[in-house]
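Letter by letter, the chains look like this.
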Amino acid sequence: MREVLDTLIKLQEIDSSILSLKQTLEIIPIEIKNFEKKMDEIDKQFENENKKVINLEKKRKEKELEIEDINEKINKLKEKTSQVKTNKEYQALLKEIETIQESLKKEEENLLLILYDLDEAKKVLKGIKGDIDKKKKEIEDKKKELENQINIITQQIDEYKKERRQIISKLPSEFYEEYMELMKKHKGLAVAQVKNSVCQGCFLHIPPQLYVEIKLNQSIYHCPQCGRFLYYKPEEKLEQTQVQTK
Ligand SMILES: [Zn+2]
């Protein structure tokens, strides 16, 4: 019976390890998705700043064309001045030129403002671009690490499963069936330790007589409340030997 108990304990250890690895396997894809989301956010931010620059470039070109047009107009009017015959006409032309020159001045100021904004936007974009490459690399590395972890964990699970098959072959089938039923019923814990006379599966206080028997680890016992297999792990031993060696 001692052997059966040891086998059950070992089986539980393996199954607990497999379960916890499987839980990790479920979390990793979520983490990877989070990293991908972060990457999208960075791309979006870059896209937004890039759009700003493109828009300002467009505005700049339009403004420059506008200014060119105004200059052309002024030149034409200036040419006209040599052809006018009356002083009145001449004065009217000069006035017209003056008005257009004023609007030219205004548009040139507007162009300067656009150039200033463009310069700022370009600086921001450049900053983001430098950041993007760095962040993307970081995220890419983390993603790879997680994908690598998936492989490692999958391999570990396979190894545990192999070990599990070997262990089961040593376990009488009635115990294995009971074990599997308890596993299902208790969501992954069929073999519980008794610690300070408390079942670690359901936290029932084990009756003293039963506790004494369990402590011997010579037979298979079940928790009176949850039905799990129970075992006792002597923990005081270490302290005792330490005391003795002193
Ligand atoms: Zn219990």
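Residues numbered from 1 in each chain as written. Predicted model: local features only at pLDDT ≥ 70, side-chain atom pairs only at ≥ 80, totals over all residues. Heavy atoms only, no water.

**Quick look at the overall build of the protein chain**
- When you go through the protein chain residue by residue, the secondary structure sums to five helices and four strands.
- Relative to a compact globule of 246 residues, whose C-alpha radius of gyration would be 18 Å, the protein chain shows 41 Å and is clearly more extended.
- Seen along its three principal axes, the alpha-carbon backbone of the protein chain occupies a region of about 130 × 40 × 35 Å.
- Split into buried and exposed, the 246 residues of the protein chain put 30% on the buried side.
- For the protein chain, the share of sequence-separated contacts (at least 6 apart) that also reach a separation of at least 24 residues comes to 70%.
- As displayed, the protein chain has an accessible area near 17500 Å², and 52% of this comes from carbon and sulfur atoms.
- Between the centroid of the 48 positive side chains of the protein chain and the centroid of its 48 negative side chains there is a distance of 1 Å. (Helix = DSSP H or I, 4+ residues; strand = E, 2+ residues; numbered from the N terminus. Rg over C-alpha atoms; globule rule 2.2 N^0.38 Å. Buried < 20%, exposed > 50% of the residue type's maximum accessible area, 1.4 Å probe, protein only. Contact = heavy atoms within 4.5 Å. Areas by Shrake-Rupley, 256 points an atom, 1.4 Å probe, with all protein chains shown as cover. Lys, Arg positive; Asp, Glu negative; His and termini not counted. Charge placed at Lys NZ, Arg CZ, Asp CG, Glu CD.)

**Comments concerning the UniProt feature "domain: CT398-like coiled coil hairpin" (unreviewed entry) in the protein chain**
- Annotation from UniProt places "domain: CT398-like coiled coil hairpin" (unreviewed entry) at residues 11-185.
- Structurally, residues 11-185 is divided into 96% helix and 0% strand, and its ends, taken at the C-alpha atoms, are 16 Å apart. (UniProt positions renumbered as here; feature names shortened; annotations may be inferred.)

**With respect to helix α4 (residues 208-216)**
- Among the residues making up α4, those that are buried are Leu210, Tyr211 and Ile214. One side of α4 holds all its buried residues, which, seen down the axis, span an arc of 100 degrees. Among the exposed residues of α4, those oriented more than 90 degrees off its buried face are Pro208, Gln209 and Leu216.
- Buried residues in α4 make contact with β1 (191-195), β3 (221-222) and β4 (229-232).
- In the stretch just after α4, Asn217 is the one whose phi turns positive, near 55 degrees. (Arc of directions from axis to C-beta.)

**A few points about the confidence of the model for the protein chain**
- On average, the protein chain scores 92 in pLDDT, and the residues at 70 or more come to 95%.
- Segment residues 242-246: pLDDT under 50, and zero contacts once partners within four positions in sequence are set aside and those in other chains are kept. (pLDDT = per-residue confidence, 0-100.)

**Observations regarding the coordination of the zinc ion**
- Ligation of the zinc ion by protein atoms is provided by Cys199 (SG), Cys202 (SG), Cys223 (SG) and Cys226 (SG), these donors lying 2.2 to 2.4 Å from the ion.
- Classification of the site at the zinc ion as tetrahedral follows from its four donor atoms and the range of 104 to 112 degrees in their angles at the metal.
- Mapping the donors of the zinc ion onto the primary sequence gives the spacing C-x2-C-x20-C-x2-C. With Cys199 in strand β2 (residues 198-199) and Cys226 in the loop between β3 and β4, this residue pair connects regions lying 27 residues apart in the sequence. Side by side, Cys199 and Cys226 carry an identical accessibility label, which is buried. (Donors = N, O, S within 2.8 Å, 3.2 Å for Na, K, Ca; no water. Tetrahedral: all angles 85-135°; square planar, octahedral: opposite > 155°, others 65-115°.)

**Brief notes about the pairing of β4**
- Residue alternation in β4 divides its side chains into two sets, Phe229 and Tyr231 and Leu230 and Tyr232, and both sets are buried.
- Strand direction decides the pairing type here: β1 and β4, joined by four bridges, are parallel. Along β4, the bridge assignment pairs Ala192 with Leu230.
- Pairing between β3 and β4: two bridges, direction antiparallel. By the bridge assignment for β4, Tyr221 is matched with Leu230.
- From the end of β3 to the start of β4, which pair antiparallel, there are six residues, and Gly227 there has a positive phi angle of about 80 degrees. (Pairing = 2+ DSSP bridges.)

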